[in-house]
Amino acid sequence: DVKVTQSSRYLVKRTGEKVFLECVQDMDHENMFWYRQDPGLGLRLIYFSYDVKMKEKGDIPEGYSVSREKKERFSLILESASTNQTSMYLCASSPQEGTEAFFGQGTRLTVV
Amino acid sequence: AQSVTQLDSQVPVFEEAPVELRCNYSSSVSVYLFWYVQYPNQGLQLLLKYLSGSTLVKGINGFEAEFNKSQTSFHLRKPSVHISDTAEYFCAVRRVTGFQKLVFGTGTRLLVSP
């Protein structure tokens, strides 16, 4: 089974803190994604990576950055957390030639 | 660009009744279509997908969906729902070629009551 693992299920951080959300996949997938999920808005793409050290901005990259130093790991970084970044964050991966994306369990981040 | 519309934010239904969750999409290029389910406090799980071929697609847990190109729809159906089907359902599209970004609808919450 494909497994996408997010390091934390729940996280509470203070405004202004630097926050790291980690995601690891075990199926040697080339593509990895970070989505943000908010009620009434569905899932919106923050960043996408199609190879090690490669990244592309999604629809809502402002206030976020990413890092992909190893193929299996894709990190989302909130440089200075703000209350409007309180949300559910979902990581996903997919093979280059495949069609399906596999999702992690999500990290519910609260910024206070 | 692609977009997905799920007009029903919430669908209440009684156990053992049939249900249809609606999805319409817009795209100027060929797309693949997906339905994902999200149970409370969990990630997304693929229910079914349409890539090509037969327009009626069967998925897990007794769900099926029909691709209608002329109406740009991909509605999800189940003939008889269970309490355990209570979840949020997301319709998504992805370009057949190029950037593999999934574009999601806003989701439909299915509430099954006894």
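Scroll up for the structure.
What comes next concerns the included structure. None of the values given here were measured: they were computed from a predicted structure.

1. Section: the overall build of chain B
At step 1: A count of helices and strands for chain B gives zero helices and twelve strands.
At step 2: Ordered by position from N to C terminus, the α and β elements of chain B give β-β-β-β-β-β-β-β-β-β-β-β.
At step 3: Relative to the compact-globule value of 13 Å for 114 residues, chain B shows a C-alpha radius of gyration of 14 Å, a close match.
At step 4: The principal-axis extent of the C-alpha atoms belonging to chain B is close to 45 × 30 × 20 Å.
At step 5: Of all 114 residues assigned to chain B, the portion counted as buried reaches 47%.
At step 6: Here the contacts in chain B between residues at least 6 apart in sequence split such that 57% fall between residues at least 24 apart.
At step 7: For chain B, the exposed surface amounts to about 5,400 Å²; the carbon and sulfur share of it is 51%.
At step 8: Mean positive and mean negative side-chain charge positions of chain B (10 and 8 charges, respectively) differ by 14 Å.

2. A closer look at the state of the cysteines
Residues and elements named next belong to chain B.
At step 1: Scanning the model with the defined rule gives two disulfides over all chains in all.
At step 2: Covalent S-S linkage joins C23 and C91, the inter-sulfur distance amounting to 2.0 Å. Disulfide C23 to C91: torsion about the S-S bond roughly -65°, handedness left-handed. Placement of C23 in the loop between β3 (19-21) and β4 (24-26) and of C91 in strand β10 (residues 87-95) is noted, with a sequence separation of 68 residues between them.
At step 3: The exposure class assigned to C91 is buried, which follows from its relative accessible area of 0%.

3. As for the packing of aromatic side chains
At step 1: By the definition in use, this model includes 14 aromatic pairs over all chains.
At step 2: Seen from their ring centres, A:Y35 and A:F103 are 6.0 Å apart, and the 45° between their planes marks the pair as tilted. Separated by 68 residues along the polypeptide, A:Y35 in strand β4 (residues 31-38) and A:F103 in strand β10 (residues 102-103) bring together distant segments of the chain.
At step 3: The buried category is assigned to A:Y35, whose relative accessible area is 1%.
At step 4: Relative accessible area serves as the criterion here: at 10%, A:F103 is assigned to the buried category.
At step 5: Ring centres of B:Y25 and B:F67 lie 6.3 Å apart, and the angle between their planes is 25°; on these two criteria the pair is classed as stacked. With a gap of 42 residues between them, B:Y25 in strand β4 and B:F67 in strand β8 (residues 64-68) connect regions that are remote in the sequence.
At step 6: Taking the relative accessible area as the measure of exposure, B:Y25 reaches 10% and is therefore buried.
At step 7: The class of B:F67 is buried, set by a relative accessible area of 12%.
At step 8: Taken together through their ring pairs, the aromatic side chains of A:F33, A:Y35, A:F48, A:Y50, A:F103, B:F34, B:Y36, B:F90 and B:F104 make up a single cluster.

Cut-offs used in this document
- Residue positions are given per chain, counting from 1 as you read along its sequence in written order.
- Ligands are numbered from 1 and chains lettered from A, in the order in which they are written.
- Thresholds applied to this predicted model are a pLDDT of at least 70 for local features of residues and 80 or more for the giving and counting of side-chain atom pairs; totals over whole chains, interfaces and linings are not thresholded and use all residues.
- Only hydrogens and water are set aside; all other atoms, that is, all heavy atoms of the structure, feed into the side-chain values.
- Secondary structure follows DSSP: runs of H or I at least 4 residues long count as helices, runs of E at least 2 residues long count as strands, and numbering of each begins at the N terminus.
- It is over C-alpha atoms that the radius of gyration is taken, and the globule rule equals 2.2 Å times the number of residues to the power 0.38.
- Relative accessibility under 20% of the residue-type maximum defines a buried residue, over 50% an exposed one, and the middle range a partly exposed one, all with a 1.4 Å probe and only protein chains included.
- Here, residues are in contact when the closest pair of their heavy atoms is within 4.5 Å.
- Each accessible area value is a Shrake-Rupley result obtained with a 1.4 Å probe; residue values ignore everything except the protein chains displayed when judging cover.
- Positive charges are assigned to Lys and Arg, negative charges to Asp and Glu, while His and the chain termini are left out of the count.
- Each charge is placed at NZ for Lys, CZ for Arg, CG for Asp and CD for Glu.
- We call a pair of cysteine sulfur atoms a disulfide when they lie within 2.5 Å.
- Paired rings are identified among Phe, Tyr and Trp, the last through its six-membered ring, by centres lying within 6.5 Å, and are further divided according to the angle between planes into stacked (under 30 degrees), edge-to-face (over 60) and tilted (the rest).

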